[in-house]
Amino acid sequence: MNAAEGAPSSRMLSSIPANPGLISGVLRLLELIDDLPRGATGALHFGDEGMILVESKKICWAVSRGMRLRLTEILRRQTTPPLTREAVEELYRACKQTGTPIGEALVASGVVSEAGLRAALFKHNGEAIVSLAQNGASVERFVNHSKTGYDPKFAFSSCEVLAMLGARDDPARAAAAQSELDGTLVQDSVGAAFVRSSRSSGPLVIAVDSACGLAVTDLLQACTWVSGLFDVARTFDPDVFAARAALGDRATLVTWRSNEVEYVGLCASRPAAARLMSRMAQRAPRTSGVMALGVRQETSST
Amino acid sequence: MKLVAQGAVVKRADDAGASDITWAVGCMRTGVLLGPPSSAGPNPQIENLAATLPEVFGTVDAGWLERIAAQLEAEPGDHPFGELLLLSEQHVHVIQPLRNHRGVALLAVSGAANAIGLVLSQVHAQVAALEREE
């Protein structure tokens, strides 16, 4: 039995088309989560439409009345061949008696891997949020919960959900972008990949580093500025493919582009930015060590 | 205020490669060079770089920059952006806003795309010299 570990986010919402209206609807919901006070734990209630459980701005659980797939169904499909419905229901009954979350029980029994459970929860929560957006759900209230303790391994940032939706545009491209991010970002940096798409009015985020906890609005503004920077750079050098901008004494934004995909890396330290930029420099052809000397000789002889 | 980048075309060669830097000082609000570039003649590349200053720096909403800096647990700087470096296959371009001359930036273009550190050390030395000027 093979658990579908680490399934790329691009496969998560295969049943949902990403159109501009849907993306803006999802953005609206994600902004609600980002705007919660730091550390807030509780449930955003959308009346009869559903709810989103949040802990410290991370999405732990979401449910929507209009969802097509339930978590147990997604979990069943995490294995090859799929678990039988009877096996899941039996486990569910046992969990109900002991009060154990079914996901954890599946992991403990070895039926589903931790990565498989995370992928299933990601898909479930993503589909729920998309469904809430599709139904135009409006938040009625946020109910604070005094009890915390969701496993951070199974909680998701708003950026991750945004990227999950954006990845629908071109799953193969999103998977490649995720791989590029994973292989390029260094310690003390987080990042995202985006494209320019008619499916969204601004940048379409298609992959994020799992540690990226930026608010979606801030991430999109950073992407928009980066897009503009590359556009403007064409004025003086059409071959600009990377840039680094200091945001303060330590924080630095590094951006690069490759195969029509643009990347933003946000570094918390100067060494991180230096390492990331060094990786970019290594991509430039190493032919510029020898300079044309004509003008210089003329200048130095005067 | 008179600010002119010091020295003509900087020439240096070592094991790491050579850097050949053209300097100029530009107004970040208008994109106009505030003095002739250090190159022997007109330098369209640095003039075009200067022309982009208003668009690069003038349209930035400081809010998201501050929030991102805070998220990275860093203090935001005086300017929306500090040093800005752009890398192409053949060139390094640097825009360095001056602290003591608000709204003015040192611009540098070098063909040593494989020697960023060398270029930056020379840019920083040039900036230090400019900052000392009244």
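Residues numbered from 1 in each chain as written. Chains lettered and ligands numbered in written order. Predicted model: local features only at pLDDT ≥ 70, side-chain atom pairs only at ≥ 80, totals over all residues.

### A few points about the overall build of chain A
When its secondary structure is counted, chain A shows 10 helices and 11 strands. By residue count, 45% of the 302 residues in chain A fall in the buried class. Here the contacts in chain A between residues at least 6 apart in sequence split such that 67% fall between residues at least 24 apart. (Helix = DSSP H or I, 4+ residues; strand = E, 2+ residues; numbered from the N terminus. Buried ≥ 20, exposed ≤ 12 C-beta atoms within 10 Å, placed from the backbone. Contact = placed C-beta atoms within 7 Å.)

### Quick word on the domain arrangement of chain A
Looking at the assigned domains, one finds that chain A contains domain 1 (2-154) and domain 2 (170-281). With centres defined by C-alpha atoms, the gap from domain 1 of chain A to domain 2 of chain A works out at 28 Å. (Domains from an automatic or database assignment.)

### Regarding the environment of G31 of chain B
All names here are of chain B. Within the fold, G31 resides in the loop between β2 (17-27) and α1 (44-51). Here G31 falls in the partly exposed class, since 19 other C-beta atoms lie within 10 Å of it. For G31 and V119, which are 88 residues apart along the polypeptide, the C-alpha to C-alpha distance reads 23 Å. Beyond its immediate chain neighbours, meaning those up to four positions away, G31 contacts G26, A50, A51, T52, L53 and P54.

### A few points about α1 of chain B
Among the residues of α1 of chain B, those classed as buried are I46, L49 and A50 of chain B. The buried residues of α1 of chain B all sit within an arc of 100 degrees when viewed along its axis, so they share a single face. (Arc of directions from axis to C-beta.)

### Details of helix α1 (residues 20-34) of chain A
Residue and element names in this part refer to chain A. Taking 1.5 Å of rise per residue, the 15 residues of α1 would be expected to cover 21 Å, and the 20 Å separating its terminal C-alpha atoms lies within 8% of that figure. Regarding α1, the residues found buried are I23, G25, V26, L27, L29, L30 and I33. For α1, the secondary structure elements touched by its buried residues are β3 (50-55), β4 (58-64), α5 (114-134), α6 (158-166) and α8 (216-233). (Expected span 1.5 Å × (residues − 1).)

### Section: the pairing of strand β7 (residues 189-196) of chain A
Residues and elements named next belong to chain A. Where burial is concerned, most of β7 is hidden: seven out of the eight residues are buried. Inspection of the sheet shows β7 paired to strand β11 (residues 261-267) by six bridges, in the antiparallel sense. Across the sheet, residue G191 finds its bridge partner in β11, namely G265. One ladder, built from five bridges, connects β7 with strand β8 (residues 203-208); its direction is antiparallel. Its bridge partner lying in β8, A193 is registered against A207. (Pairing = 2+ DSSP bridges.)

### Concerning the nonpolar core
Residues and elements named next belong to chain A. Core analysis: the largest hydrophobic core is formed by 126 residues, its most contacted members being A192 and I206. A domain split of this core shows at least three residues from each of domain 1 (2-154) and domain 2 (170-281). Those residues in contact with I206 that sit more than four places away from it in its chain are A163, G166, A167, D169, R173, A174, A177, A193, F194 and V195. (Core = buried A, V, L, I, M, F, W, Y, C linked by C-beta atoms within 7 Å.)

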